Amino acid sequence: DSNDKDRIKLAAEELNYSIGNDELKNVPILVLANKQDIKDSYSPKEITDFMGLKDNRTNKWLVQGSSAVTGQGITNGFDWMADTLLKGK
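Read on for a plain summary of the structure. (Residues numbered from 1 in each chain as written. Predicted model: local features only at pLDDT ≥ 70, side-chain atom pairs only at ≥ 80, totals over all residues. Heavy atoms only, no water.)

1. Here's the deal with the nonpolar core
I8, A12, L15, I19, I29, V31, A33, Y42, I47, M51, L53 and V63 form the largest nonpolar core, which has 12 residues in total. Of all the secondary structure elements, the ones that give two or more residues to this core are α1 (8-19), β1 (29-33) and α2 (44-51). Ranked by residue count, the leading element in this core is α1, at 4 residues. Among all residues touching I19, those that are not within four sequence positions of it are L24, K25, I29, N56 and N59. (Core = buried A, V, L, I, M, F, W, Y, C linked by side-chain atoms within 4.5 Å. Buried < 20%, exposed > 50% of the residue type's maximum accessible area, 1.4 Å probe, protein only. Helix = DSSP H or I, 4+ residues; strand = E, 2+ residues; numbered from the N terminus. Contact = heavy atoms within 4.5 Å.)

Written out as structure tokens, the structure is:
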């Protein structure tokens with residue numbers, strides 16, 4: 001939820017805890033930065049910074065801006081994931 005400014009730190013901690021697990025090394029990460037249709041939501045770049053993904057060199061990742069209300073970005077995110085998984089085979 002890109003508009004939940006109180007829980008972004010918790011989301012970042014949970015993501016970093018999860019990808020710190022050896023079993024999840026090299027697993028692609030898709031973050032759908034939802035609620036981009038709401039004014040003043042964090043942008044995908046801001047979400048990337050909060051999540052510390054720029055420093056992640058072991059996983060392919062994408063932070064895709066999206067809106068469940070309008071459908072914007074959802075197909076792009078899942079297309080990226082499908083392409084990334086198919087290239088890994």
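Let us keep going from here.
2. Thoughts on the packing of aromatic side chains
The final tally for this structure, using the stated rule, is 1 aromatic pair. Residues Y42 and F50 carry aromatic rings whose centres are separated by 4.7 Å and whose planes lie at 65° to one another, so their mutual orientation is edge-to-face. Take Y42: its relative accessible area is 15%, and that puts it in the buried class. On the basis of relative accessibility, which here comes to 39%, the residue F50 falls in the partly exposed class. Against the face of Y42 rests K5, its NZ or CZ located 4.1 Å from the ring centre. (Phe/Tyr/Trp six-rings, centres within 6.5 Å; stacked < 30°, edge-to-face > 60°. Lys NZ or Arg CZ within 6 Å of the ring centre and 35° of its normal.)

3. Some words on the pattern of salt bridges
Under the definition given, this model contains 3 salt bridges. Across the pair K45 and D49 runs a salt bridge whose closest N-O atoms are separated by 3.1 Å. Here K45 and its partner D49 are both found in helix α2, 4 residues apart, which amounts to about one turn of the helix. Exposure remark for D49: the relative accessible area of 40% places this residue in the partly exposed category. One salt bridge in this structure joins D49 and K54, with 3.4 Å as the shortest N-O distance. (Salt bridge = Lys/Arg side-chain N within 4 Å of Asp/Glu carboxyl O.)

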